[in-house]
Amino acid sequence: MQKPIMAVTGDDTAATGDMPTYQIRAPTTALPQGVVMAASPGSLHSPQQLAEEATRKRELRLMKNREAAKECRRRKKEYVKCLESRVAVLEVQNKKLIEELETLKDICSPKTD
DNA sequence: AATTCGAAACGTCACAAATG
DNA sequence: CATTTGTGACGTTTCGAATT
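Only a predicted model underlies this, so the values are computations on that prediction, with no experimental measurement involved.

**Some details on the overall build of chain A**
A tally of helices and strands in chain A yields one helix and zero strands. Across the 113 residues of chain A, 2% fall into the buried class. As displayed, chain A offers around 11700 Å² of accessible surface, 60% of which is attributable to carbon and sulfur atoms.

**A word on the environment of Ser-109**
Following the sequence through the fold, Ser-109 ends up in the segment after helix 1 (47-108). The partly exposed category is assigned to Ser-109, whose relative accessible area is 38%. Within the structure, Ser-109 has its side chain in polar contact with the backbone oxygen of Asp-106 (distance 3.1 Å).

**A closer look at the pattern of salt bridges**
Within the structure shown, the criterion is met by six salt bridges. Taking the shortest distance from any N to any O, the salt bridge between Arg-56 and Glu-53 comes out at 3.4 Å. With Arg-56 and Glu-53 both in helix 1, this residue pair falls three residues apart, about one helical turn. Of the residues examined, Glu-53 reaches a relative accessible area of 34% and is grouped as partly exposed. Of the charged contacts, one joins Glu-67 and Lys-70 as a salt bridge, the two residues approaching to 3.8 Å between their closest N and O atoms. Linking Glu-67 with Lys-70, this pair stays in helix 1, spanning three residues, or about one helical turn.

**Looking at the UniProt feature "coiled-coil region" (unreviewed entry) in chain A**
Taking the UniProt record as the reference, the feature "coiled-coil region" (unreviewed entry) is found at residues 80-107. Across residues 80-107, the secondary structure splits into 100% helix and 0% strand, with the terminal C-alpha atoms separated by 41 Å.

**Concerning the environment of Ser-85**
Following the sequence through the fold, Ser-85 ends up in helix 1. In this structure the side chain of Ser-85 is engaged in a polar contact, spanning 3.0 Å, whose partner is the backbone oxygen of Cys-82.

**Digging into the confidence of the model for chain A**
Per-residue confidence for chain A averages 70 on the pLDDT scale, and 59% of its residues sit at or above 70. Low pLDDT, under 50, characterises residues 1-43; the stretch is placed with 13 contacts to residues that sit more than four places away or in other chains.

**Quick notes on a nonpolar patch on the surface**
A cluster of nonpolar side chains, contributed by Tyr-79, Val-80 and Leu-83, occupies part of the molecular surface with about 280 Å² of accessible area. Mapped onto the elements of the fold, Leu-83 is located in helix 1.

Conventions used here
Sequence positions are assigned chain by chain, starting from 1 and proceeding in written order. For this description, chains carry letters from A and ligands carry numbers from 1, given in the order in which they are written. Totals for whole chains, interfaces and linings use all residues, but because this is a predicted model, local features are given only for residues with pLDDT of at least 70 and pairs of side-chain atoms are given and counted only at 80 or more. Based on all heavy atoms of the structure, the side-chain values leave hydrogens and waters out of the count. Counting from the N terminus, the helices are the DSSP runs of H or I reaching at least four residues and the strands are the DSSP runs of E reaching at least two. Only protein chains enter the area calculation, which uses a 1.4 Å probe; residues under 20% of their type maximum are buried, those over 50% are exposed, and those in between are partly exposed. Residue burial considers only the protein chains on display, and all accessible areas are found by Shrake-Rupley using a 1.4 Å probe. Whenever two N or O atoms come within 3.5 Å, that pair is a polar contact, provided that in protein one can donate a hydrogen and the other can accept it, and provided that, for residues adjacent in sequence, both atoms are side-chain atoms. Just to be clear on terms, a salt bridge is a Lys or Arg side-chain nitrogen sitting within 4 Å of an Asp or Glu carboxyl oxygen. UniProt positions are given in the numbering used here, feature names are shortened, and annotations may be inferred rather than shown by experiment. Values of pLDDT, ranging from 0 to 100, describe the predictor's confidence in every residue of the model. The criterion used for residue contact is that any of the two residues' heavy atoms lie within 4.5 Å. Residues forming no salt bridge and having over 30% relative accessible area are the ones grouped into patches, like charges within 9 Å of each other and nonpolar side chains (Val, Leu, Ile, Met, Phe, Trp, Tyr) within 5 Å.

Next comes the structure, spelled out in structure tokens:
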């Protein structure tokens, strides 16, 4: 129950020029991996650690946003359902009022002849 | 069956509004 | 101010029904 998603992540240098006018912000976790250099004295984080932290943050953000989107859709769906049932109620009410108006018209109309 | 199609659900991005 | 949260827009995936 876990599907491998293959979404378009523009992280390669294809550059065909017809991208969806989108994807401006490629985080690009492309680190020239290897070469571990000691962190400079005083600095608490090596560049790798910083990159890992950034990746971690991004994944957390994606996860949260995923859930937020689901919840947002759930709420919206409910809202629409609510509106629809209100429409149904109002339509019935409107129909009744129109009928009532017609009968009242009949009652009040002056007799011809 | 295999294929096609439309609708619903999804994940991600960009951006505005809310929050601390 | 910087960060976080909510949502519209877009492209993708999944699903069920109709058609071949």
